[in-house]
Amino acid sequence: MADASKANPQGVERLGYLGLGLMGTPMTRRLLKAGHQVTVWNRSEGKVAPLAEAGARRAVTPRDLLTNSDIAFMCVTDAAAVEEVIFGPEGLAAAPGAGKLVVDFSSIHPDAARDLAKRLKAANGAGWIDAPVSGGTKGAEEGTLAIMAGGEADEIERVRPYVQAMARRFTHMGPTGAGQTTKLCNQVIVGCAMAVLAEAARLAVNAGIDANRLPEALAGGFADSIPLQLFVPRMVQGVHSPPLGHIATMLKDLDTVADVAQATSTPVPMATLAGQLFRLAKAARGAEADALEIYKLSAAER
């Protein structure tokens, strides 16, 4: 923690969190529960109030947040939202940044992460870690997230104690952008799993067996997995609130997979098919619907 002492002579890191959505709110609550000082900011004030009541400090702008933080965590919708938080009016780039770190939990294109990191460093000297997360809202609430990171090794170690208050696993995958690339690999697996599990569950229902018992019946076999145990009951029982993730978010990630695959001459036929199924789900169910509503695409009309 030598670097932390240089950034903050008192040796106590002041934390900030920007973006208090499905993931940001429970992640911030875990930081507060661990006893950390956390300043928060969100575009809509309604999401700030509950965290302020729990002990968080309010920031008026992103600039204000970074001015009063040593490490700023962020989880927003997409690269455009990240750009706005950093370089928009009163953004993070307008605050003094020397010795400070921005840790982006958002899922964005690896090229965007590298570009943003370079521009922020030039603007105010702040460091950057791209650290997308996996585990959904359940993992955020329980502190069991898997977080994959790209950045400098010493900076990864500096933030590790705080990240581990929010996650079970925090893996340094390489330089800036490596975390985002690893998340794309994750989304290939998760997106395809959602599509395949929806197919298996629908087959069970249409063939007259109890799809709710699939997780029990397949537990311990080669088909067993966390997605099987978590997703299938929610699909079959129609449990979509709170959503594990939005259709639009999964589609965004799978579209990014397709882009990176094209740039690297990588065949991704399964991920491409999953992407098209989620595009259909977006048209049928809406962008903000739970991604598990992909199961409803195959429902018989009544």
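All of these numbers come straight from a predicted model, not from anything done at the bench.

J.: Describe in detail the pattern of salt bridges, supporting the description with residues and values.
T.: What the rule picks out here adds up to 14 salt bridges. The partner of R14 in a salt bridge is D70, with the nearest N and O atoms 3.1 Å apart. Here R14 is found in the loop between α1 (2-7) and β1 (15-18), whereas its partner D70 is found in the loop between α4 (62-67) and β4 (71-74), with 56 residues between them in sequence. We classify R14 as partly exposed; its relative accessible area is 26%. For D70, a relative accessible area of 1% puts it in the buried group. As a salt-bridge pair, D111 and R114 come within 2.7 Å of each other at their nearest N and O atoms.

J.: Now, about the packing of helix α9 (residues 178-206) against helix α11 (residues 226-237): what can you tell me, with residues and values included?
T.: Helix-helix packing is characterised by the crossing angle of the two axes and by the distance between the axes. Packing of α9 against α11 brings their axes to within 10 Å, and their N-to-C directions diverge by 55 degrees. In terms of their interaxial angle, α9 and α11 are classed as oblique. In this structure, α9 meets α11 at a crossing whose hand is right-handed. On α11, the residues that touch V190, A193, M194, L197, A198 and A201 of α9 are P227, L228, F231, V232, M235 and V236. For the contact of α9 with α11, the class distribution of residues is 12 nonpolar, no polar and no charged.

J.: Which residues make up the side chain of D290, and what values go with them?
T.: Positionally, D290 belongs in the segment after α13 (269-285). Reaching out from D290, the side chain makes a polar contact with the backbone nitrogen of L244 at a distance of 3.2 Å. Among all residues touching D290, those that are not within four sequence positions of it are R234, V239, H240, P243, L244, G245 and I247.

J.: So what about the state of the cysteines? Which residues, and what values?
T.: Overall, the coordinates contain 0 disulfides when judged by the stated rule. The closest cysteine sulfur to the non-disulfide-bonded C185 is located on C192, 12 Å from its own sulfur.

J.: Break down the pairing of strand β8 (residues 145-150) for me, with residues and values.
T.: When you tally the buried positions in β8, you get 5 out of 6 residues, the bulk of the element. In terms of strand pairing, strand β7 (residues 133-134) meets β8 through 2 bridges, oriented antiparallel. Following the sheet pairing, S134 is matched in β8 by A146. Once you follow β8 into helix α8 (residues 153-163) and on to strand β9 (residues 167-174), the crossover reads as right-handed.

J.: Explain the nonpolar core to me, and be specific about the residues and the numbers.
T.: Within the largest apolar cluster, 33 residues are counted, with the highest numbers of intra-cluster contacts made by Y17, M27, F73, F105 and I147. Where this core is concerned, the elements lending two or more residues are β1, α2 (24-33), β2 (38-41), β4, β5 (101-104), β8, α8 and β9. With residues up to four places along the chain from it excluded, the contact list for I147 reads F105, A131, P132, V133, V163, A167, R169, F170 and T171.

J.: Go over α11 with me, naming the residues and quoting the values.
T.: Taking 1.5 Å as the rise per residue, α11 with 12 residues should run 16 Å; its terminal C-alpha atoms sit 17 Å apart, in good agreement. The set of residues buried in α11 consists of L228, F231, V232, P233, R234 and M235. Where α11 is buried, its residues touch α9 and α10 (214-218). Its side-chain oxygen 3.0 Å from the backbone nitrogen of L228, S225 forms the N-cap of α11.

Definitions and limits used
Residues numbered from 1 in each chain as written. Predicted model: local features only at pLDDT ≥ 70, side-chain atom pairs only at ≥ 80, totals over all residues. Heavy atoms only, no water. Salt bridge = Lys/Arg side-chain N within 4 Å of Asp/Glu carboxyl O. Helix = DSSP H or I, 4+ residues; strand = E, 2+ residues; numbered from the N terminus. Buried < 20%, exposed > 50% of the residue type's maximum accessible area, 1.4 Å probe, protein only. Axes fitted to C-alpha atoms, helices over the stretch in contact; angles between N-to-C directions. Parallel < 35°, antiparallel > 145°, perpendicular 65-115°, else oblique. Left-handed = near helix turned anticlockwise from the far one by under 90°. Contact = heavy atoms within 4.5 Å. Nonpolar A, V, L, I, M, F, W, Y, C, P; charged D, E, K, R; others polar. Polar contact = N/O pair within 3.5 Å; in protein donor to acceptor, adjacent residues only side chain to side chain. Disulfide = S-S within 2.5 Å. Pairing = 2+ DSSP bridges. Right-handed = clockwise from strand over helix to strand, strands pointing away. Core = buried A, V, L, I, M, F, W, Y, C linked by side-chain atoms within 4.5 Å. Expected span 1.5 Å × (residues − 1).

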